[in-house]
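Here's the letter readout for the chains.
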Amino acid sequence: FVWSARVRWTEGMQAKAFIRNHAFNVGQPASFDTQDPAPSAVEYLLGAIGGCLAVGLQWRASQRGIEVRNLEVSLQAQADNILVFLGLEDEGHPGLKQIEGRLYIDADGDDDVLQELWQETLRRSPVTQSFLHEVPVQLELRRV
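Scoring rules and cut-offs
Residues numbered from 1 in each chain as written. Predicted model: local features only at pLDDT ≥ 70, side-chain atom pairs only at ≥ 80, totals over all residues. Heavy atoms only, no water. Salt bridge = Lys/Arg side-chain N within 4 Å of Asp/Glu carboxyl O. Helix = DSSP H or I, 4+ residues; strand = E, 2+ residues; numbered from the N terminus. Buried < 20%, exposed > 50% of the residue type's maximum accessible area, 1.4 Å probe, protein only. pLDDT = per-residue confidence, 0-100. Core = buried A, V, L, I, M, F, W, Y, C linked by side-chain atoms within 4.5 Å. Contact = heavy atoms within 4.5 Å. Expected span 1.5 Å × (residues − 1). Pairing = 2+ DSSP bridges. Axes fitted to C-alpha atoms, helices over the stretch in contact; angles between N-to-C directions.

Here's the deal with the pattern of salt bridges
Turning to step 1, where the next piece is worked out: Enumeration according to the criterion identifies six salt bridges in this entry.
Turning to step 2, where the next piece is worked out: Note that R69 and D106 form a salt bridge whose closest N and O atoms lie 3.1 Å from each other. Here R69, found in strand β4 (residues 68-79), pairs with D106, found in strand β5 (residues 96-107); they are 37 residues apart in sequence, far enough to count as distant.
Turning to step 3, where the next piece is worked out: The exposure class assigned to D106 is partly exposed, which follows from its relative accessible area of 36%.
Turning to step 4, where the next piece is worked out: Among the salt bridges present, the one from R142 reaches E140, with a minimum N-O distance of 2.6 Å. There is no split in this pair, since R142 and E140 are both exposed.

Following this line, the structure appears as structure tokens:
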């Protein structure tokens, strides 16, 4: 299976992503302005990790007959050197230095079982594992 997306610049610092029958706006790659009209690309990245982990854990719990009443993944990311992205420095890289987070869960099941499900979810998460194992990225420019 191959996932695909098309992203079209719309105006200013805005783009629109089209994925299957969904569309959403994407703001600046790494914005610091809380008033931006759309989440930044980095914020969507964190949302993708959190969404994959939350849904993955709930699915694994349901397979074991464990009722989940509430589940939340909280993530924070820190840039290695955001000044590289802004073109103000050349040393370092503009990507993320680290991602930290916590899972908050209210569910049936022993703590050991929930911990086991969490570790399995982390191990089997396609989004999280894409970060842990360097994924080759090949992007080319084509003039139209």
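Overview of the confidence of the model for the chain
Fine structural detail should not be taken from predicted coordinates in areas where pLDDT scores are low.
Turning to step 1, where the next piece is worked out: For the chain, the mean per-residue pLDDT works out to 91, and 99% of the residues sit at or above 70.
Turning to step 2, where the next piece is worked out: The weakest mean pLDDT in the chain belongs to helix α2 (residues 82-85) at 88; the strongest belongs to helix α3 (residues 111-124) at 97.

Structural notes on the nonpolar core
Turning to step 1, where the next piece is worked out: Grouped together as the largest cluster of nonpolar side chains are 11 residues: I49, L53, A54, L57, A61, I66, V73, A107, L114, L117 and W118.
Turning to step 2, where the next piece is worked out: Where this core is concerned, the elements lending two or more residues are α1 (41-63) and α3.
Turning to step 3, where the next piece is worked out: A per-element tally of this core places α1 first, with five residues.
Turning to step 4, where the next piece is worked out: With residues up to four places along the chain from it excluded, the contact list for I66 reads A61, A107, D108, G109, V113, L114 and L117.

A look at α1
Turning to step 1, where the next piece is worked out: The terminal C-alpha atoms of α1, which comprises 23 residues, lie 33 Å apart, in line with the 33 Å expected from a rise of 1.5 Å per residue.
Turning to step 2, where the next piece is worked out: If you check which residues of α1 are buried, you get L46, I49, G50, C52, L53, A54, G56, L57, R60 and A61.
Turning to step 3, where the next piece is worked out: Packing partners of the buried residues in α1 comprise β4, β5, α3 and α4 (126-132).
Turning to step 4, where the next piece is worked out: Remark: G65 follows α1 within two positions and exhibits a positive phi of approximately 75°.

Focus: the sheet that holds strand β2 (residues 14-19)
Adjacent strands of a sheet form backbone hydrogen bonds with each other and so pair up, either parallel or antiparallel.
Turning to step 1, where the next piece is worked out: Within the open sheet, the three strands sit side by side as β1-β2-β3. Their pairing is antiparallel. If you trace the sheet from one side to the other, it starts and ends with β1 (6-11) and β3 (22-26), each paired once. Across the sheet, the mean angle separating the axes of adjacent strands is 25° when strand polarity is ignored.
Turning to step 2, where the next piece is worked out: Pairing of β2 with β3 involves five bridges; the strand directions are antiparallel. Following the sheet pairing, K16 is matched in β3 by N25.

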